[in-house]
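One letter stands for each residue in the lines below.
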Amino acid sequence: MLSKSALRQISGISKTYLMRPLMLCALLILGIGCAIFCFSSRSLRFRDSYSTPFDQNASDTFHDAQAFVRWSEDGTVHPEITAIDFTRMGSAIRTKPNDLGPRQAEVLPFGDLEQTLAQFPNLAKVQFDRDQLTQVAPTTLAALTSLRAISVLDVKVTAAHIAALSQVPSLEWISLQTIDLPASLEPLSTLPNLSSVCISNGPLSMSNGPMASPYRPETLVELNALPSLRELILRPQYLPGLGYFAGSKTPDPACDPVLKENCREVFADSQTLQRLWLGSNQSDAERNQLAVVAKTLPHVRVRPATYDSRKVLESRMAGGILMFATMVIMLQLTSQFSGPSAQLIPRFAPVHLGFFAAFITIATCAYALAISGRDLSLLPALATFASCVAVVAILHAMWSVVGMTGRQYAYWLPALIVVCVMYHPIAMNFAPPWWSAILDQFLMGVHPVVAMLLLATAALVLAGCLLLFSWQHRFWAEHAIAPAMTVGDLGARMSSLAWNRRDDRKSAAQIGRWNRRLQDTLAQPRATHRWIARMWRLGNSPAYIGAIMIIVAITFSFGSFFRVNGASAMDHMMVHHSVLMLLALPMLLIAMQCSGRRDTLARDILYPVARERWIGSVFLAVWTQLGSLLALAFIIANLQIGFLMQVPTPSHVLRGLVAAGALSVLGTGVILSVTLHRGIAWAIALGLVGLISTICVTMIIVDTGLGPSGAAAESVRQALHHPAVLPGIWIVAGVIFSLAYRQWQRTEFACV
Amino acid sequence: MNNDIIRTSGLRKHFGKNEVLRGVDLAIPRGAVVGLLGSNGAGKSTLIKCLLGLLKISAGTATLMGEDPWNLSAHTKSRIGYVPQVVHLYPWMKVRQVIEYTGAFYANWDHAWCRELLDQWDLDGAAWIRNLSTGQLQRLGLILGMGHRPDLYLLDEPAASLDPSGRRSLLRSLLEITEDREHSILFSTHITSDLERIASHVAIMGNGVIDYFGELDELKDSVKRIRVHSPVDLPPDFSVPGALRTEINGDSAIVAVAAVNDEVIDGIRDRWDASVDVEDLNLEDIFLELHDAQ
């Protein structure tokens with residue numbers, strides 16, 4: 001039975017967690033942020049790998065059907081319109097409201113409106129829907145001297161379409177989204193400026209009529225004959241045609257390997273082609289075939305027309321893990337400020353900030369490596385994410401400066417920063433396509449100089465920020481971590497701190513101290529060198545063990561992206577290792593927080609709290625932190641399982657919950673036992689127990705096994721379902737927890 | 001018995017095979033200012049830490065304000081002020097911050113007095129802890145140990161790192177504290193002059209046991225140095241009852257005596273027909289005589 005004071009204490013600790021903006025951010029991320037995992041997301045990463053002129057200034061593209069009809073009636077000229085998208089007007093352009101009522105409408109054939117195009121003399125881009133292009137008089141199109149790009153969306157692109165297009169000499173771009181092309185594209189060769197052609201299925205799949213594949217070898221030959229062709233995009237969405245269902249054994253030319261083989265032969269002698277976006281790279285075989293094409297066409301830059309879905313999935317997962325881990329670390333940093341209410345000494349040491357920076361660097365590199373490959377280049381990827389981190393660092397530094405002025409609204413600034421960082425991927429969904437196109441080009445390595453400059457700038461910014469933290473670390477660090485506090489706590493702290501910068505004398509003294517710190521900073525590289533050397537010797541502090549274990553966990557986790565084969569196995573492995581990291585990180589970070597505490601605990605124990613209650617508070621506080629973080633990890637894990645494997649059932653969730661509960665108890669025991677021990681052997685032994693238990697619990701949560709083969713993994717999974725597993729983990733957890741508690745009861749905290 | 005604020009009986013503490021306290025018997029009355037004297041390694045700091053519950057007693061018993069030191073209640077802890085020999089504070093805090101942080105734990109923290117002590121001891125509240133000298137840290141440790149105006153002060157060589165001015169300020173503060181005879185102080189020190197100024201009692205430790213415990217004035221009244229001048233050479237086995245140390249030089253001798261009275265002096269005069277001069281000793285001399293006697 002809990003006493004009133006114990007309940008008050010639990011309430012106080014809970015309040016310190018619930019009142020934190022970062023915790024609210026975490027809840028928001030859980031609630032809304034997982035939208036980035038949705039497969040229907042319009043994120044940059046899910047777009048086509050190539051860009052088209054229609055992506056640029058898409059927001060300025062005219063697509064108001066009612067206005068178009070009205071203008072066709074009044075005959076007004078609109079030179080300000082440069083792009084029209086009929087595909088977005090939908091059925092509205094085919095109907096015309098009459099005065100009899102909204103329910104009745106008469107069909108307005110597009111042919112009645114084709115003369116209206118002449119009212120847009122500066123038209124540069126047009127996207128036609130089905131049957132529209134053939135209804136436009138060729139003279140009308142030819143009169144549009146600024147027309148550079150036309151897109152046609154139709155099930156069958158006929159000779160009439162091609163003839164109409166060939167009447168526009170200013171055309172530079174033609175996009176044909178179709179599943180049937182006419183016998184000949186020869187008329188297009190009369191277009192002197194036609195430099196880019198895109199042939200794709202678009203949103204179309206099948207037709208019940210006879211079709212001629214748009215990717216026939218003879219079509220490719222005619223494309224190769226275009227006098228100015230520099231860029232060609234061939235993106236078939238191969239689907240079995242009627243011939244397949246009729247029993248044909250002839251390979252469809254839209255079949256990916258066939259198309260690549262044909263392209264290799266046809267474009268080998270091309271003199272003008274510079275960029276070829278060709279087929280798919282979803283599998284190793286497809287990637288190898290693409291590599292063969294690239295080797296055959298050395299003068300052509302060969303790229304896949306689609307992103308590697310595995311890479312996309314990996315990048316999504318890596319991004320999610322990176323963001324979550326960053327959030328966990330920030331939460332962990334802020335938890336140092338539990339302060340007197342939780343009866344824990346706040347420790348906001350530079351080691352933590354240094355670790356934070358190191359983790360971000362490692363995670364950024366891992367993320368960049370994860371998404372690099374055939375689609376994205378490593379250098380721009382690194383530059384992009386390093387720039388993001390630099391921006392966050394600058395914002396954080398700015399916030400610290402604002403905080404130094406004593407403005408209390410500065411309290412909310414980091415929360416806004418975190419929200420911006422977390423929701424950046426979602427915001428990208430709403431970015432205009434032209435921006436995505438620019439970013440695409442950048443990420444694919446089109447602008448390496450810009451990437452290098454960006455990377456160098458980001459490195460300088462980060463180095464500068466770290467130096468600032470180094471010079472004024474305590475003062476800035478306090479404010480950098482302040483979001484952990486409640487509004488009331490922060491107000492009291494800000495009013496109590498020695499912020500007397502208006503006082504000239506004290507300002508002068510402060511500047512003098514900063515100068516001294518500058519001198520101290522110059523000696524820091526030597527100290528850093530010593531620190532690294534000590535870390536490799538494992539030193540005396542559990543922090544070093546924790547740091548190494550975290551690095552191992554991260555490496556292990558991200559390494560899994562490159563080992564697995566098969567989509568299903570990859571899903572299992574990714575979920576497994578990401579959950580492993582999610583579970584291990586909180587435990588290890590709390591262990592780091594507790595490191596080296598034994599000597600300082602001698603002061604704690606003399607504060608006016610009974611020994612038993614003090615020990616209980618310490619255990620409760622650590623267990624609360626660990627439990628909260630594991631709960632977050634558990635929810636994230638089940639969301640991942642839900643999205644990737646569609647397997648969470650009530651029994652899975654219940655088993656995982658029981659296992660995670662045991663891990664929280666076990667983790668508390670391990671952390672607090674290691675805190676007191678100066679011996680490295682005991683720390684390593686307990687760390688191993690913690691790591692093995694974490695792996696076991698992870699597998700229980702994901703409900704999968706690990707093994708060299710599917711059968712081995714299944715046997716591990718069956719072993720995990722043994723009735724003795726969960727009680728076994730609880731027994732281990734209970735024993736270690738009890739040992740730790742007894743150890744704390746018996747420990748002499750004084751330095752002798 | 002209930003009037004004793006600290007009481008130990010047969011208190012022993014060993015670290016492995018090394019026994020540091022070998023049976024300490026001590027009873028400090030409420031309101032006493034006790035100076036704990038002892039050579040290095042005598043066990044003074046260990047005794048204080050055992051009394052605070054920072055170290056667990058190996059054998060014997062001890063009570064602090066009537067409670068077991070290992071399980072002191074919150075109320076009792078709030079009445080204790082401890083200043084360690086080496087003050088470990090958080091280097092990343094400022095002086096004012098660490099005071100406020102510590103004060104947050106105590107309901108009766110006297111902020112005004114702390115500010116007064118900061119001024120009195122010339123400590124800058126905005127200074128970083130890591131920039132403080134050893135003496136300044138010691139002063140800050142004293143403020144942290146005294147800020148909640150405890151009933152019992154346990155000071156482990158509090159003046160060891162202080163300059164003369166700081167020592168004087170500290171002694172003045174301690175004298176003010178003990179004016180009402182309600183507050184008790186147990187402090188270990190090597191500076192006997194300080195102890196003489198404020199202590200009401202003295203405990204002398206040697207080799208893990210209390211060699212002497214009593215009122216300071218009583219100690220000074222009882223331990224004297226006797227100079228004996230005889231017409232004839234004194235024999236090598238010349239001795240005086242209660243002698244702590246005897247130094248014979250021909251016809252004269254210097255004897256430190258633990259309990260001097262007229263009967264002893266008259267006995268020497270009668271037996272050796274000698275002139276006898278009795279000298280008072282200061283505490284340092286007494287400590288040295290007692291130490292040498294061992």
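Along each chain, residues carry numbers from 1 onward, in the same order as the chain's sequence is written. For naming, the first written chain is A and the first written ligand is 1, with later ones following in the order written. Per-residue local features of the predicted model are confined to residues with pLDDT of at least 70, and side-chain atom pairs are confined, for both listing and counting, to 80 or more; whole-chain, interface and lining totals are unaffected and use all residues. Water and hydrogen atoms were dropped before computing side-chain values, which therefore reflect all heavy atoms in the structure.

If you check an unreviewed UniProt entry, chain B appears there as Putative ABC transporter ATP-binding protein YxlF from Allorhodopirellula solitaria.

Engineer: How should the overall build of chain A be read in this particular structure?
Structural biologist: Helix and strand counts for chain A come out as 29 helices and 10 strands. Throughout this description, buried means an accessible area under 20% of the type-specific maximum (1.4 Å probe, protein chains only), exposed means over 50%, and partly exposed covers the range between. In chain A, which comprises 752 residues, the share counted as buried stands at 53%. A total of about 32600 Å² of accessible surface is found on chain A, and carbon and sulfur atoms cover 65% of it. A helix here means a DSSP run of H or I that spans at least four residues, while a strand means a run of E at least two residues long, and both kinds are numbered starting from the N terminus. Per-residue accessibility takes into account occlusion by the displayed protein chains alone, with areas from the Shrake-Rupley method and a 1.4 Å probe.

Engineer: I would appreciate a short explanation of the overall build of chain B in the present structure.
Structural biologist: In terms of regular secondary structure, chain B is built from 10 helices and 13 strands. In chain B, buried positions account for 54% of the 294 residues. Two residues form a contact once any of their heavy atoms are found within 4.5 Å. Long-range pairs, those at least 24 residues apart, make up 67% of the contacts in chain B between residues at least 6 apart in sequence.

Engineer: How do you make sense of the confidence of the model for chain A when you look at a structure like this?
Structural biologist: If pLDDT is low for a region, its predicted coordinates should not be looked at in detail. All names here are of chain A. As a per-residue measure, pLDDT reflects the predictor's confidence and takes values from 0 up to 100. In this model, chain A carries an average pLDDT of 68, and 50% of its residues clear a pLDDT of 70 or more. Throughout residues 525-546 the model reports pLDDT below 50, and contacts reaching past four residues in sequence, or to other chains, amount to 24 contacts. Predicted confidence for residues 557-565 stays below pLDDT 50, and this span has 23 contacts to residues more than four positions away or in other chains.

Engineer: Looking at this structure, how should I read the nonpolar core?
Structural biologist: For soluble globular proteins, the rule of thumb is that nonpolar side chains tend to be buried together. Only buried residues count toward a nonpolar core. Its members are Ala, Val, Leu, Ile, Met, Phe, Trp, Tyr and Cys residues joined through side-chain atoms within 4.5 Å. With 71 residues, the main nonpolar core has A:W744, B:I6, B:L47, B:L154 and B:L186 as its most contacted residues. Per-element tally for this core: the top contributor is helix α26 (residues 650-676) of chain A, with 11 residues. Judged by nonpolar contacts, the second largest core, of 56 residues, contains A:F62, A:V168, A:L171 and A:L234.

Engineer: Quick question: what am I supposed to make of the environment of A:A386 here?
Structural biologist: Following the sequence through the fold, A:A386 ends up in helix α13 (residues 378-404). Taking the C-alpha atoms as reference, A:A386 lies 8.6 Å from A:L462; in sequence the two are 76 residues apart.

Engineer: Would you mind going over the sheet that holds strand β12 (residues 252-257) of chain B with me for this structure?
Structural biologist: Two modes of strand pairing occur in sheets, parallel and antiparallel, and in both the strands are linked by backbone hydrogen bonds. Residues and elements named next belong to chain B. In short, DSSP must find at least two bridges between two strands for them to pair. Taken together, 4 strands build an open sheet; the order of strands is β11-β12-β10-β13 and the sheet is antiparallel. Each edge of the open sheet carries a strand with a single partner, namely β11 (243-249) and β13 (275-280). Put simply, the sheet's adjacent strands are angled 15° from each other on average, direction ignored. When strand β10 (residues 224-229) meets β12, the two strands line up antiparallel, connected through 6 bridges. Bridging from a neighbouring strand, V228 pairs with A253 of β12. Lines fitted to C-alpha atoms define the axes, with helix axes restricted to the stretch in contact, and inter-axis angles between N-to-C directions lie between 0 and 180 degrees.

Engineer: Explanation requested: helix α5 (residues 134-146) of chain B in the structure shown.
Structural biologist: Expected helix span is computed as 1.5 Å times (number of residues minus one). Counted at 1.5 Å a residue, the expected span for α5(B) with its 13 residues is 18 Å, and the 18 Å between its end C-alpha atoms agrees. Counting buried positions over the 13 residues of α5(B) gives 11, a clear majority of the element.

Engineer: Sorry if this is basic, but what is going on with a negative patch on the surface here?
Structural biologist: Residue and element names in this part refer to chain B. Negative charge collects at one region of the surface, where E116, D119, D122, D124, E176, E179, D180 and E182 lie side by side. Of note, D122 is situated in the loop between α4 (111-120) and α5. For D122, a relative accessible area of 64% translates into the label exposed. By definition, no residue in a patch forms a salt bridge, and every one has over 30% relative accessible area; like charges are joined within 9 Å, nonpolar side chains (Val, Leu, Ile, Met, Phe, Trp, Tyr) within 5 Å. Think of a salt bridge as a Lys or Arg side-chain nitrogen and an Asp or Glu carboxyl oxygen that are within 4 Å of each other. The charge count treats Lys and Arg as positive and Asp and Glu as negative. His and the chain ends do not count. The atom standing in for a charge is NZ when the residue is Lys, CZ when it is Arg, CG when it is Asp and CD when it is Glu.

Engineer: Looking at this structure, how should I read the pairing of strand β8 (residues 231-235) of chain A?
Structural biologist: The side chains of a regular strand alternate, residue by residue, between the two faces of the sheet. All names here are of chain A. Across the 5 residues that make up β8, a large majority, 4, are buried. Across 5 bridges, the pairing between strand β7 (residues 196-200) and β8 is parallel. Each bridged residue has a counterpart across the sheet, and for I199 the counterpart in β8 is L234. Direction of pairing for β8 relative to strand β9 (residues 275-278): parallel, over a ladder of 4 bridges. The residue of β9 that forms the bridge with I233 is W277.

Engineer: Is there a simple way to think about the packing of aromatic side chains in this case?
Structural biologist: Here a ring pair, both rings aromatic, is described through the centre-centre distance and the interplanar angle of the planes. Two rings from Phe, Tyr or Trp (for Trp, the six-membered ring) form a pair when their centres are within 6.5 Å of each other. A pair whose planes differ by under 30 degrees is stacked, one over 60 is edge-to-face, and the rest are tilted. Per the counting criterion, the structure on display carries 10 aromatic pairs over all chains. Ring geometry for A:F619 versus A:W744: centroids 5.8 Å apart, planes at 80°, classification edge-to-face. Taken together, the residues span a long stretch of sequence, with A:F619 in helix α25 (residues 611-644) and A:W744 in helix α29 (residues 725-746) at a distance of 125 residues. The buried category is assigned to A:W744, whose relative accessible area is 1%. Through successive ring pairs, a cluster of aromatic residues spans A:F62, A:F68, A:W71, A:F86, A:F120 and A:F128. A ring is scored as having a charge over it whenever the NZ atom of a lysine or the CZ atom of an arginine sits within 6 Å of its centre and within 35 degrees of its normal. We note B:K94 situated over the ring of B:W128; from NZ or CZ to the ring centre the distance is 4.9 Å. Over the ring of B:W113 we find B:R149, and its NZ or CZ is 3.9 Å from the ring centre.

Engineer: Would you take a moment to explain the packing of helix α6 (residues 217-224) of chain A against helix α8 (residues 256-266) of chain A for this structure?
Structural biologist: When two helices pack together, their arrangement is given by the angle between their axes and by how far apart the axes lie. All names here are of chain A. Across the interface, α6 lies against α8 with an axial gap of 10 Å and an inter-helix angle of 40°. It follows that α6 is oblique to α8 by the angle criterion. The interaxial crossing formed by α6 with α8 has right-handed handedness. Each of P217, L220, V221 and N224 in α6 lies in contact with α8, whose residues at this interface are L259, N262, C263 and V266. Classification convention: Asp, Glu, Lys, Arg as charged; Ala, Val, Leu, Ile, Met, Phe, Trp, Tyr, Cys, Pro as nonpolar; all other residues, Gly among them, as polar. Tallied by class, the residues present in the contact of α6 with α8 amount to 6 nonpolar, 2 polar and no charged. Oblique is the label for any angle not covered by the other classes, which are roughly parallel (under 35 degrees), roughly antiparallel (over 145) and roughly perpendicular (65 to 115). When the near helix sits turned anticlockwise from the far one by under a right angle, the crossing is termed left-handed; a clockwise turn instead gives a right-handed crossing.

Engineer: In this structure, what is going on with the pattern of salt bridges? I would like to understand it.
Structural biologist: Here the idea is simple: oppositely charged side chains can pair when their charged atoms come close. Residues and elements named next belong to chain A. In this structure the tally under the stated criterion is 16 salt bridges over all chains. For the salt bridge of R148 with E172, the shortest nitrogen-to-oxygen distance reads 3.8 Å. Note that R148 is positioned in the loop between α4 (138-143) and β5 (149-153) and E172 in the loop between α5 (159-165) and β6 (173-177), a separation of 24 residues in sequence. On the basis of relative accessible area, E172 is assigned to the partly exposed category, the value being 31%. Salt-bridge contacts for E218 lead to R216; the nearest nitrogen and oxygen are separated by 3.4 Å. With relative accessibility at 12%, the residue R216 sits in the buried group.

Engineer: Hey, could you run me through the environment of B:P29 in this one?
Structural biologist: All names here are of chain B. Tracing the sequence through the fold places P29 in strand β2 (residues 18-29). As a C-alpha pair, P29 and H201 span 172 residues in sequence and 9.6 Å in three-dimensional space. The residues touching P29, leaving out its near neighbours within four places in the chain, are N3, D4, I5, S184, H201 and F213.

Engineer: Hey, could you run me through the sheet that holds strand β4 (residues 59-64) of chain B in this one?
Structural biologist: Residue and element names in this part refer to chain B. An order of β2-β1-β4 is seen for the 3 strands of this open sheet, with the pairing classed as antiparallel. Each edge of the sheet is formed by a strand with only one pairing partner; in this case those strands are β2 and β4. The average angle at which neighbouring strand axes cross in this sheet is 20°, direction not considered. Sheet topology note: the strand β1 (residues 4-15)/β2 ladder contains 9 bridges and is antiparallel. Looking at the pairing, D4 lines up with P29 of β2.

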